[in-house]
2 protein chains.
Amino acid sequence: MNISTKVMGRLARYRALLTDYFPKEKTHIFSHDLAAMMGLSASQIRRDLMCLGYFGVPRYGYEISELVKHINNVLDASKLHHVAVVGAGNLGRALMTFLESRRATLKIVAAFDDDPDKANRVLNGVPCFHMDLVEEVVKRDDIRIAILCVPGAVAQRVTDLLVKSGVKGILNFAPVPIRIPVGVVLEEIDLTSALERVAFFTNNRANAPKEKRHADR
Amino acid sequence: MNISTKVMGRLARYRALLTDYFPKEKTHIFSHDLAAMMGLSASQIRRDLMCLGYFGVPRYGYEISELVKHINNVLDASKLHHVAVVGAGNLGRALMTFLESRRATLKIVAAFDDDPDKANRVLNGVPCFHMDLVEEVVKRDDIRIAILCVPGAVAQRVTDLLVKSGVKGILNFAPVPIRIPVGVVLEEIDLTSALERVAFFTNNRANAPKEKRHADR
DNA sequence: GAAACGATGTGAAATCTTTCACATCACAAG
DNA sequence: CTTGTGATGTGAAAGATTTCACATCGTTTC
Ligand SMILES: NC(=O)c1ccc[n+]([C@@H]2O[C@H](COP(=O)([O-])OP(=O)(O)OC[C@H]3O[C@@H](n4cnc5c(N)ncnc54)[C@H](O)[C@@H]3O)[C@@H](O)[C@H]2O)c1
Ligand SMILES: NC(=O)c1ccc[n+]([C@@H]2O[C@H](COP(=O)([O-])OP(=O)(O)OC[C@H]3O[C@@H](n4cnc5c(N)ncnc54)[C@H](O)[C@@H]3O)[C@@H](O)[C@H]2O)c1
């Protein structure tokens, strides 16, 4: 079964909803309830769940604990990933605090910055190193993933260093596209253009994307 | 011409690249150069640019200043939007600082928080009000767009208040899906699931989305 | 000016994603 | 046991996005 990026992302969100924001006393859920909560169609939910190898029972819906277990399974949630935040500025530090309390399998083990004032300290619960030590620490701590929060002007240079040091996945917040060799995974988050999208569709209703449906009939 | 969300987002990123990170001495650009920089195919670039009503010239490519002008035009960049940050915590304050220096047409005019310590002060250059004043200030300052940075548990409640007050677009960072009435535009940014996507494809090469192409032949 | 070149613009094909529609199933009720 | 109900799982249609392929055109060169 080949899971697309989109399905993958939605599965992660289903899981977050079910584990973090769902009343504990509920043991089962219907596709259309999940759909209403997510703002998607019920058939899309069912289609997504097909690739889990877990099947709900008609009339009862999906058993939540089983569903979560199977999502974990498909998303490889047993593997622990070591993550580094690169660039311990405002955004980087906010992310450190935020992610600390989140999925146990994604552990932030280090931060890097080229500002000497930030190195050799513990920032927001994370040991922060100078950029000179990237290669050494990445190898020593088996860091596979980097969250890139450095200014756009140096983003490509820092990326090249990270890749050279052995990082296999990068989540880029710098508002510039960066290039990576094949074999490395890249996800870009461009907050400015997200905000611009909202602004555009806000006063341009005609072009707005089709309404999200909340049911299936 | 009907512009999809995806095209819209890419146009914003082309513009950012051309205005912020492109050598000033260059006056023209080819679709395949832009493509290489963005990590997309040249034909996709050309297809996206088709909806601008501006045409490049064969052999010379696109004139950058004209291109930017036409993107501005399509994205309605002349209109000034008033934006509020709701929830002046770590993320909210990082965003205030960051967005201040960005597009002039998206102006952060207020922040809101229910912590009395944060109200009635200027935080990161933005006046911060208590949540009790949302309705009044949104109307007074004609705030159309809200950036939602409150804890997930209260996100829906705060959203309802914002919509009631007249906000027309919401950029949601809380890691829960929120529901809005039709007529309001919503964009969700889920950093946790973005990070999980990176982690997944990092040790699951087989399922990785197709390589981005950098050329057209 | 004519020919060659090397880029664009775009119809059509290919691919990816979502939705529809309905057979099927497990349980509840009679 | 039989029937009715209201879910699921899924083939196939519809829709959206991306890529291919090539006609076309402005520039350069001869
Ligand atoms: N703050 C936000 O809300 C926000 C939102 C979206 C995107 N971004 C982007 O994220 C990045 C960081 O934003 P920020 O607000 O945290 O900025 P910031 O200035 O607060 O932090 C940048 C950090 O990077 C460090 N740095 C600079 N050069 C470096 C180098 N060569 N190697 C290592 N570290 C280096 C600096 O010392 C600083 O600590 C920027 O690219 C910004 O555009 C920020
Ligand atoms: N920090 C991050 O990097 C990050 C990343 C992704 C998502 N998020 C999400 O963004 C939101 C904010 O994150 P944060 O790190 O800034 O948290 P934070 O705790 O630093 O800030 C939350 C702010 O919201 C305010 N608040 C609480 N209840 C409120 C209410 N009812 N009305 C108005 N304001 C209220 C608090 O006073 C606080 O200032 C959370 O939902 C978080 O999950 C944060």
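Bear in mind the structure is a predicted one, so any value in this text is a computation, not a measurement. (Residues numbered from 1 in each chain as written. Chains lettered and ligands numbered in written order. Predicted model: local features only at pLDDT ≥ 70, side-chain atom pairs only at ≥ 80, totals over all residues. Heavy atoms only, no water.)

Asker: Looking at this structure, how should I read the site of ligand 1?
Answerer: Close contacts around ligand 1 come from 23 residues, with L91, D113, K118, C149 and V150 of chain A the closest. Of the chains in the model, those with residues near ligand 1 are chains A and B. A distance of 3.5 Å separates an oxygen atom of ligand 1 from a polar backbone atom of G89 of chain A. With respect to ligand 1, the side chain of K118 of chain A contributes an N or O atom lying 2.8 Å from an oxygen atom. Protein contact buries 84% of the 820 Å² of open area that ligand 1 shows by itself. Secondary structure elements with two or more residues in the shell around ligand 1: α5 (90-100) and α7 (152-165) of chain A together with α5 (90-100) of chain B. Looking at the shell around ligand 1 residue by residue, the classes come out as 15 nonpolar, four polar and four charged. (Near = heavy atom within 4 Å. Polar contact = N/O pair within 3.5 Å; in protein donor to acceptor, adjacent residues only side chain to side chain. Areas by Shrake-Rupley, 256 points an atom, 1.4 Å probe, with all protein chains shown as cover. Helix = DSSP H or I, 4+ residues; strand = E, 2+ residues; numbered from the N terminus. Nonpolar A, V, L, I, M, F, W, Y, C, P; charged D, E, K, R; others polar.)

Asker: For this particular structure, what's the right way to read the domain arrangement of chain A?
Answerer: Quite often, the size of an interface is put as the accessible area lost when its parts meet. The domain boundaries assigned to chain A delineate domain 1 (5-75) and domain 2 (81-193). For domain 1 of chain A versus domain 2 of chain A, the distance between C-alpha centres works out to 31 Å. (Domains from an automatic or database assignment.)

Asker: Sorry if this is basic, but what is going on with the protein's contact with DNA strand C here?
Answerer: Taken together, 23 residues surround DNA strand C, and among them S31, R47, F55, G56 and Y62 of chain B come closest. The sugar and phosphate moieties of DNA strand C supply 60% of its atoms located within 4 Å of the protein. Here a phosphate oxygen of DNA strand C sits 2.9 Å away from a polar atom, N or O, in the side chain of S41 of chain A. Between Q44 of chain A and DNA strand C, the recorded distance is 3.0 Å, taken from a side-chain N or O atom to a phosphate oxygen. Mapped by element, the contributors of at least two residues to the surface near DNA strand C are α1 (5-20) and α3 (42-50) of chain A together with α2 (31-38) and α3 (42-50) of chain B. Looking at the surface near DNA strand C element by element, the count peaks at four residues for α3 of chain A. In the surface near DNA strand C, the residues fall into seven nonpolar, seven polar and nine charged.

Asker: For this particular structure, what's the right way to read the packing of aromatic side chains?
Answerer: Pairs of aromatic rings are described using the distance from one ring centre to the other and the angle between the two planes. Residue and element names in this part refer to chain B. Tallying each qualifying case throughout the model produces six aromatic pairs over all chains. Look at Y54 and Y62: their rings are 6.4 Å apart centre to centre, the planes differ by 55°, and that puts the pair in the tilted class. For Y62, a relative accessible area of 12% corresponds to the buried category. Each ring, one from F200 and one from F201, has its centre 4.9 Å from the other, and the planes form 70°; the classification is edge-to-face. Of the two residues examined, F200 and F201, each falls in the buried class. (Phe/Tyr/Trp six-rings, centres within 6.5 Å; stacked < 30°, edge-to-face > 60°. Buried < 20%, exposed > 50% of the residue type's maximum accessible area, 1.4 Å probe, protein only.)

Asker: For this particular structure, what's the right way to read the environment of R157 of chain B?
Answerer: Residue and element names in this part refer to chain B. Within the fold, R157 resides in helix α7 (residues 152-165). Looking at R157, the relative accessible area reads 58%, which means it is exposed. Counting along the chain gives 21 residues from R157 to I178, while the straight-line C-alpha distance between them is 9.3 Å.

Asker: Looking at this structure, I do not really get the nonpolar core. What am I missing?
Answerer: Nonpolar side chains in soluble globular proteins generally cluster together in the buried interior. Membership of the largest hydrophobic core comes to 106 residues, with the highest contact counts inside it found for L11, Y14 and I147 of chain A together with L11, Y14 and I147 of chain B. Once you skip the residues sitting within four places of it in the chain, L11 of chain A turns out to touch D48, L49, C51, L52, I71 and L75 of chain A. (Core = buried A, V, L, I, M, F, W, Y, C linked by side-chain atoms within 4.5 Å. Contact = heavy atoms within 4.5 Å.)

Asker: How do you make sense of the interface of chain B and chain A when you look at a structure like this?
Answerer: Facing the 71 residues of chain B at the interface are 71 residues of chain A. Taken together, the links from chain B to chain A amount to eight salt bridges. As a salt-bridge pair, E196 of chain A and R15 of chain B come within 3.0 Å of each other at their nearest N and O atoms. Broken down by element, the residue count for the side of chain B that touches chain A peaks at twelve residues, all from helix α8 (residues 191-202) of chain B. Here the residues of the side of chain B that touches chain A are counted per class, giving 38 nonpolar, 17 polar and 16 charged. (Salt bridge = Lys/Arg side-chain N within 4 Å of Asp/Glu carboxyl O.)

Asker: In this structure, what is going on with the relation of the copies chain B and chain A? I would like to understand it.
Answerer: Here the second copy of the chain follows from the first by a rotation about an axis and a shift along it. Its rotation angle being 180°, the transformation that places chain B on chain A also includes 0.0 Å of axial translation and leaves an RMSD of 0.1 Å. The transformation just described matches what one would write down for a two-fold rotation axis. The position closest to the rotation axis in chain B is occupied by the C-alpha of L91 of chain B, lying 3.4 Å away. (Least-squares fit on C-alpha atoms with pLDDT ≥ 70 in both.)

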